[in-house]
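Single-letter residue listing:
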Amino acid sequence: MKNYQNAEVYEKVTGRAVYGADLNFPGMLVGKVLRSPHPHGKILKIDTSRAQRIPGVIDVITGKDLQQKHYGIAIPDEEPLATEKVRYMGDEVAAVAARGLNAAREALEAIEVEYHPLTAVNTPEEALQTGAPSLHQDFPGNLTWERYLERGDMKKAFEDADVVVEDSFSIPAVNQAYLEPVSCVAIADRYHGVTIHTSLQSPHMNRNIIAGVLGLPPSRLRIVCPYMGGGFGGKVFGNQKAYILASLLSMRTGQPVKIQLTREEEFIAGRPMPEAWLKLKMALKKDGTFLGRQSDILIDNGAYSAQMPFVSKTLSERNDSLYHIPNLYTRARLVYTNRVPTGQYRAYGNQVANFAYESLIDLAAQKIGMDPLQIRLKNCIRQGDVSVHGLKMRSCALPEALETAAREIGWKQRRPVNRGVGLACCIHTNGNTAAFRGFSGASASARLEEDGRVTIITGEQDYGQGTHSTFAQIAARVLDIPPDWIIIHSKDTATTPFSLGAFACRQLTIGGNAVRIAAENLKKKIKETAGKQLENLKHENTENLELKAGKLVTATGKAVPLEKVARQGMYANQGMPLVADGYYEPPETTAADESGYGHISATYSFAAHAIEVEVDPETGEVTPLRLVAVHDSGEIINQLVSEGQVYGGVSQGYGYARMEGYLFREGEVLNPGFHVYHIPTSLDMPPVKPIFLENKDPVGPFGAKGIGEIVQVPSIAAYVNAIADASGARVTELPASPEKVFFALNKGKKEGEAR
Amino acid sequence: MTYINATTIAQALGALREQKGKARVIAGGTDLYLQQLPEILVDISGIDKMRQIQITGEILELGSGITHAQTFASSLLQERATCLSEACSYVGSPQIRNLGTLGGNVVNAAPAADAAVGLVTMDARAILVDCEGGNKEAPLEELYQGYNRTTLDNSREILMALKFTVHHPGEGSSYQRFSSRKSLSLPIVSVGAWAKVKDKQISGVRLVAAPLNPSPTRLRRVEKELEGAFASPETYRKAGELAREEAVTRDSPLRGSGEYRRHLVGVGVERALREAVYRAMGIPSEEKAGDYYQ
Amino acid sequence: MTTINKQRINLKVNGEEWEGWLDPRENLLKVLREEIGLTGTKEGCGRGDCGACTVLLEDKAVNSCLVPVGKAHGKNITTIEGLSRGEELHPLQEAFVKEGAVQCGFCTPGMIMSAYALLKINQQPSSYAVKKAISGNLCRCTGYTQIEKAVLAAAAKISESGN
């Protein structure tokens, strides 16, 4: 059972699985979006008359036609189509619906827009300068969001310090690069409202936002999800403009409308992880004790906010709970710029800060002549601890993870010149009370079909990370039936409970527990029903009934197949099958207070990654030799799935560290495509060894914890730390490309010169 | 018919002549297809004669319709035109290598084109025919005319074959490439080297680097300095230094700073020259373009 | 207005003859998906940079998004749909399932086709040969390790049964 995969995998290997782009409906029109060529400008005039006359063009809309109010995830700073201004190159200005792609493209070319270009701000620094042009009326200084996070007395910490270490780090904007570009079909009808066929990680949350924009009650917007070709956070909210515009076009034309993003649009108008700059300063004792850390963080919001204030919150606080750091002073600022609006990517900002903090710790270790492993072991958070922000470590195997990673990579081994090892560790939540205002748990229904099979109904999403399989395993374990008897029904907001979906690494712990409870409640119901309905069981004590291998078994050995119970129960209920609901609220969690203090997740996952590299000093090229990824994700329910998460997450972390990153020139994305934005290929990856410390968690279903997001994080700092160990070259600006390593080696910062 | 799959050279030329300048030649299409496709296309990838490797004595004629994959797979070319074989092994991806032809690589004239560097290192000559019955042969370098342009008129002329002398005993070549990742990338810098060694002295050498200019660049000054030099680490290092002086590189936001790329030219020349000399002398090399699978 | 000229195109797809009247410049990927209805082959980038659209053209793995359908006229094309017969899967497909090589599944058809092309010419590939054969197929979910295991397992299975 530990390697169980449900039969959906067969749909994928045969090419039968239907993704958004594969959908076709009778009378379907093709929708296309016209985007701004300017990073900042006033819209003076839009003339769509020529476009409307093109044969095959059914509808053309602009912001003025829509009279839509502003919306947003955190801040209502967006409109479906720009009305007064455009704020980045790619900003949506008009949309068309036509018969066929050629007509749609022609229509776009025929729309005449007159712009008055405005001065653009290209970086947060520029945007914050006095007198800089402002993007949004409500934010005259372009400062979208700001936070001061203080604990203890940082000033005193600096006074008490034996050693102070400081450095500046930067990390570029990074694209989720899922292989399936966003594709949606919107179908409006007067009875149902609007149905949008598109794959989303959080269909319900997204539904409510989009329904608000469309002026529909949420129950009149239905989201039906085909298979998803990767999401990694980028499809939690996805491309809301696409869904909104397709819906509006369908509502206006009365026909289904499909909008499919090109890969280039995914780069210029998707929501990548933000570019960020971190100025850090740490105070320590000469025995390695961390006294305090001061951080000044600048985050590029891009032109619109979306979920960035939430991401910025995680970015600015998460890593403080990885170690005991009693004194903190963090200033984090999120700033509007005339660039691609930013969003979320696996780990939600955790990785951005982790790269910088874990690099700085190595620099600190170097400064006091301490082993980077030992300095971490000395200060790291442990089982039972409460972190400086109030996170309670119900289960924590972080020290063991660090030691295991170090041991497996051969930490103490003598190595030839130019070879080295690096290490980094990480903490992540399993759900987050900040995720949604109404509740932070999950619910599910378990339904016994008349043939004894079981359907689990939940809104939690599987897009290849194995949610459906693990849920089936959980329910199968409770009910003692084969997992293949279970189907997960999740892809339709009209028939599933409101679920928060796949983000904050919550689905296994929280969603999985809801499934477990629903299955347990179903088990109770099955026993009760059997006791009431079945002649031969009427006098049996239902307490002594057991579910064994798909049968109901009495203490005396009488066995009744589930099928029989199901059918009798259904008939007794006039046709209603046996259904049981399960609700799960993560225990003891609290919302964070104004100062950011609170046990925001029921439990936390940990990881330590170590990598061995060889540096070619002549060119700065780095050969990754092997990587060890040690994870504390509690008991592992599914080995194959968990390993897959590690291999995949590490490849993303490696890409982040080595080759990825948006290149901008005055607001223009210079690398909006896979030929110029490089992600790792099969030839780039080193051998990866995943190790799971199966340290049973008291909260998670069967002792399991989430693993899906944390996998990307520690590889990034481990890589730059390894380069420093191998060659002395310290790269503080990602990506650590060969050129950067070369110059760090030959000109710039060498280890031992840390200030 | 606006897409003509020619099976013979005569048919292809005839089609071009008939269309009076409105048709264009397409080979693999992997470059052309990313640009605006012309209305009328004459596909020459099905002409068997243009995919042949013909060797007469020491002169090899490579049909320009040969794909990168076929070039890479030929054991004759691996042994006796090594830098070309290696260059082709890096182009794009297996899928691109199965479609893209050497002729297309030359005619598309991308400054970073791999096969072109391999060909210039082999001192290849281009054989062209036109639809009026004319034909000409010229050094490959003379074909280039600015960024992504050659003198070839795609509506009238076909690049038929590339012609070069294969390695004699005492000759060897190598291709060195630096790129941002190990597949699906253009090179940041690539270098081809061919060397002739007699009595441990370099009696002939060709060094080519890209992308420095619109076309592969012969480092002629370095070549001159190397004549008669002893095959030694000092020589390879010196070659690298001289190359750095001769190469002119610009900053490129996508590829890297001019300074770094100039440095890489030096490293590439040093390594390619050393490898070429080793091969010329029959010294077993540690380097391999990789498991030949196709 | 762009002129569109159509001509008769004959393709042999997965062993079946298909005929259509098309603009020969239309790309093969679009024709497979929209004209012939074989949506198993995916579009990830439209430029030959990701390999999601990989099919076999006369036994060679190619990016179908870069092939004008006129070029494919008269030729044999194999897509992912051609590997299985009803419930009977090709050893590659079985191995991908068994090794956990499939997560979101979007790269999977193209990935399997590249592996299929490899096994046609090299029945006992080394680990490196497998990596190289799939080096034109991007995957963002799996990090490639389980995919490589699957291809090697399939190769072993095929050799075993003397296929």
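Residues numbered from 1 in each chain as written. Chains lettered and ligands numbered in written order. Predicted model: local features only at pLDDT ≥ 70, side-chain atom pairs only at ≥ 80, totals over all residues. Heavy atoms only, no water.

## Description of the overall build of chain B
Regarding its fold elements, chain B presents 10 helices and 12 strands. Scaling as 2.2 N^0.38, a compact globule of 294 residues should have a C-alpha radius of gyration of about 19 Å, and chain B matches this with 19 Å. Considering only C-alpha atoms, chain B reaches an extent of 60 × 45 × 35 Å along its principal axes. Within the span of chain B, comprising 294 residues, buried residues form 62% of the whole. Element-wise, carbon and sulfur atoms account for 47% of the exposed surface of chain B, whose accessible area totals about 11700 Å². (Helix = DSSP H or I, 4+ residues; strand = E, 2+ residues; numbered from the N terminus. Rg over C-alpha atoms; globule rule 2.2 N^0.38 Å. Buried < 20%, exposed > 50% of the residue type's maximum accessible area, 1.4 Å probe, protein only. Areas by Shrake-Rupley, 256 points an atom, 1.4 Å probe, with all protein chains shown as cover.)

## Structural notes on the overall build of chain C
The secondary structure content of chain C amounts to six helices and five strands. The linear arrangement of helices and strands in chain C, starting from the amino end, is β-β-α-β-β-α-β-α-α-α-α. Rg of the C-alpha trace for chain C: 16 Å, near the compact-globule value of 15 Å for 163 residues, within the 12% margin. When its C-alpha atoms are laid out on the principal axes, chain C stretches across 50 × 30 × 25 Å. By the burial criterion, 66% of the 163 residues in chain C qualify as buried. In chain C, of all internal contacts separated by at least 6 residues, the share reaching a separation of at least 24 is 55%. With an accessible surface of roughly 6000 Å², chain C has 44% of that area assigned to carbon and sulfur atoms. (Contact = heavy atoms within 4.5 Å.)

## Some details on the environment of Met659 of chain A
With respect to the secondary-structure elements, Met659 of chain A resides in the loop between helix H17 (639-658) and strand E26 (664-665). Given the relative accessible area of 11%, Met659 of chain A is considered buried. Apart from residues lying up to four places away in sequence, Met659 of chain A is in contact with Tyr654, His678, Ile679, Pro680, Asp684 and Pro735 of chain A together with Ser180 and Arg181 of chain B.

## Re the sheet that holds strand E24 (residues 604-616) of chain A
Residues and elements named next belong to chain A. The strand order across the open sheet built from four strands is E16-E24-E25-E28, with neighbouring strands paired in mixed fashion. The two strands at the open ends of the sheet, each matched to only one other strand, are strand E16 (419-429) and strand E28 (688-692). Taking each pair of neighbouring strands and ignoring which way they run, the sheet shows an average axis angle of 15°. Bridge count for E24 against strand E25 (residues 621-632) is 11 bridges, and the pairing is antiparallel. Bridging across to E25, Glu614 finds its partner in Thr623. (Pairing = 2+ DSSP bridges. Axes fitted to C-alpha atoms, helices over the stretch in contact; angles between N-to-C directions.)

## Quick look at the pairing of strand E10 (residues 187-198) of chain B
Residues and elements named next belong to chain B. With respect to burial, E10 is a largely interior element, 10 of its 12 residues being buried. Here strand E9 (residues 171-179) pairs with E10 via nine bridges, running antiparallel. Paired with Tyr175 across the strands is Gly192, a residue of E10. As paired strands, E10 and strand E11 (residues 201-210) are joined by nine bridges and run antiparallel to one another. If you follow Val197 over to E11, its bridge partner there is Ile202.

## Some words on the packing of helix H14 (residues 467-479) of chain A against helix H15 (residues 507-533) of chain A
Residue and element names in this part refer to chain A. The geometry of H14 relative to H15 is characterised by a closest axis approach of 9 Å and an angle of 35° between their N-to-C directions. The element H14 and its partner H15 pack so that their crossing is right-handed. For the pair H14 and H15, the contacting residues are Thr467, Thr470, Phe471, Ile474, Ala475, Val478 and Leu479 in the first and Gln507, Leu508, Gly511, Gly512, Val515, Arg516, Ala519, Glu520, Leu522 and Lys523 in the second. Of the residues in the contact of H14 with H15, the class split is nine nonpolar, five polar and three charged. (Left-handed = near helix turned anticlockwise from the far one by under 90°. Nonpolar A, V, L, I, M, F, W, Y, C, P; charged D, E, K, R; others polar.)

## A closer look at the pairing of strand E9 (residues 183-189) of chain A
Residues and elements named next belong to chain A. With respect to burial, E9 is a largely interior element, six of its seven residues being buried. Here E9 pairs with strand E12 (residues 257-260) via four bridges, running antiparallel. Bridge assignment links Val185 to a residue of E12, and that residue is Lys258. Pairing analysis gives five bridges linking E9 to strand E10 (residues 193-197), with the strands arranged antiparallel. The residue of E10 that forms the bridge with Val185 is His197.

## Things to note about the sheet that holds strand E14 (residues 290-302) of chain A
All names here are of chain A. The mixed open sheet is built from five strands, whose spatial order is E7-E15-E14-E13-E8. Of all the strands in the sheet, the pair left with one neighbour each is strand E7 (143-151) and strand E8 (163-171). Taken pair by pair, the neighbouring strands of this sheet meet at an average axis angle of 5°, ignoring direction. In this structure, E8 lies alongside strand E13 (residues 276-284), joined through nine bridges in antiparallel fashion. Among the inter-strand pairings, Val163 is bridged to a residue of E13, identified as Leu284.

## Comments concerning the domain arrangement of chain B
Residue and element names in this part refer to chain B. Domains assigned within chain B are domain 1 (2-165) and domain 2 (171-293). Averaged C-alpha coordinates put domain 1 and domain 2 at centres separated by 24 Å. Of the roughly 2500 Å² buried where domain 1 meets domain 2, counting both sides, 59% is carbon and sulfur surface. When the buried area of domain 1 at its contact with domain 2 is split by residue, Glu86, Val117 and Thr121 rank highest and sum to 22% of it. Seen at the junction of domain 1 and domain 2, the total is five salt bridges. (Domains from an automatic or database assignment. Buried area = accessible area lost by both parts, 1.4 Å probe. Salt bridge = Lys/Arg side-chain N within 4 Å of Asp/Glu carboxyl O.)

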